[in-house]
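Secondary and tertiary structure notes
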Amino acid sequence: MKIQTKAIVFGIATAFGTAAMAEDKAWEGQTKDAWIDGKLEASYLLNSELSAAKIGTHVENGNVVLTGSVPTDAHKELAKQIAENLNGVADVDNQLTVSEKVASYDANDKDFSSSFYDMTTTMSLKSKYAVNDDLEAHEIDIDTKDGVVTLQGEVATQAEKMLAEEIAKSNDHVGKVNNQLKIVAAR
């Protein structure tokens, strides 16, 4: 009898353990799907060619379904490629429709995207200046608006002024640098 009881207890424990493992796997899958969905929506939001508000995303077991409307076949393909390039995506079902009536990117989306890039550009430049031994970063004021970086403040030499400008020009999303730095020999 003791052997049968142990076998029954073992069988029940195994069943519960298997069920618990299945629940854990389902939870892990749902978490992964939510991560993919969030990452995909953020990618569309930050893309200057797509309007995230017009593209619906659904992720299940790593499979992505895209719905909504875009203005051209190129936009449809771009949305699909972005989804396909995300880690964890198994397949993309691109159900986007092409409609010339859909504006590719409305003003609110563009304002957010532009503001985001401007903010990250300013922060990136501040970091690059701070770690550069040839610049006094605290003396340089950086303002970024619509991809145009304006540098103000004081530097000791023409070489520092040129270095600050070159660092800014090499940054992504910078279209122009307005270098208003003043050379002041004794700081």
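Refer to the structure above for everything that follows.
What you are looking at is a predicted structure, and each value in this text was computed from that prediction instead of being measured.

1. Some details on unusual backbone geometry
Peptide bonds are trans in most cases, and residues, glycine excluded, mostly fall at negative phi. The backbone of Asn61 shows a phi angle near 55 degrees, a positive value even though the residue is not glycine. Summarising the element assignment, Asn61 is placed in the loop between β1 (55-60) and β2 (63-70). Unusually for a residue other than glycine, Asp146 sits at a positive phi of about 55 degrees. Turning to its location among the elements, Asp146 is positioned in the loop between β5 (140-145) and β6 (148-155). By relative accessible area, which is 53% here, Asp146 ends up exposed.

2. Some thoughts on the nonpolar core
The tendency in soluble globular proteins is for nonpolar side chains to be buried side by side. Counting 16 residues, the largest nonpolar core has Leu40, Tyr44, Ile55, Val64, Leu66 and Ala79 as its most contacted members. Of all the elements in the fold, those that place two or more residues in this core are α1 (2-46), β1, β2 and α2 (73-84). Each residue touching Leu66, except ones within four places of it in the same chain, is listed here: Leu40, Tyr44, Ile55, Gly56, Thr57, Ala79, Lys80, Val92, Asp93, Asn94, Gln95 and Leu96. Core analysis: the second largest hydrophobic core is formed by 14 residues, Leu125, Val149, Val155 and Val177 among them.

3. Comments concerning the pattern of salt bridges
Within this structure, the stated rule accounts for three salt bridges. The partner of Glu84 in a salt bridge is Lys80, with the nearest N and O atoms 3.8 Å apart. With Glu84 and Lys80 both in helix α2 and four residues apart, this pair spans about one turn of that helix. We classify Lys80 as partly exposed; its relative accessible area is 26%. The salt bridge involving Lys169 is made with Glu166; its shortest N-O contact spans 4.0 Å. One end of the pair is Lys169 and the other is Glu166, both in helix α4 (residues 158-169) and three residues apart, which spans about a single turn. Taken together, the salt bridges that share partners define one network made up of Glu165, Glu166 and Lys169.

4. With respect to the environment of Asp141
Looking at the secondary structure, you find Asp141 in strand β5. Put simply, Asp141 and Thr122 are 19 residues apart on the chain and 9.5 Å apart in space, counted from C-alpha to C-alpha. For Asp141, the contacting residues outside a window of four places in its chain are Thr150, Leu151 and Gln152.

5. So, α2
With twelve residues, α2 should reach 16 Å at 1.5 Å per residue; the first-to-last C-alpha distance of 16 Å fits that figure. Of the positions making up α2, those classed as buried are His75, Ala79, Ile82 and Ala83. Buried residues along α2 cover an arc of 100 degrees about the axis, so they all sit on one side. Exposed side of α2, more than 90 degrees from the buried face: Asp73 and Ala74 are the residues found there.

The rules we used
Residues numbered from 1 in each chain as written. Predicted model: local features only at pLDDT ≥ 70, side-chain atom pairs only at ≥ 80, totals over all residues. Heavy atoms only, no water. Helix = DSSP H or I, 4+ residues; strand = E, 2+ residues; numbered from the N terminus. Buried < 20%, exposed > 50% of the residue type's maximum accessible area, 1.4 Å probe, protein only. Core = buried A, V, L, I, M, F, W, Y, C linked by side-chain atoms within 4.5 Å. Contact = heavy atoms within 4.5 Å. Salt bridge = Lys/Arg side-chain N within 4 Å of Asp/Glu carboxyl O. Expected span 1.5 Å × (residues − 1). Arc of directions from axis to C-beta.

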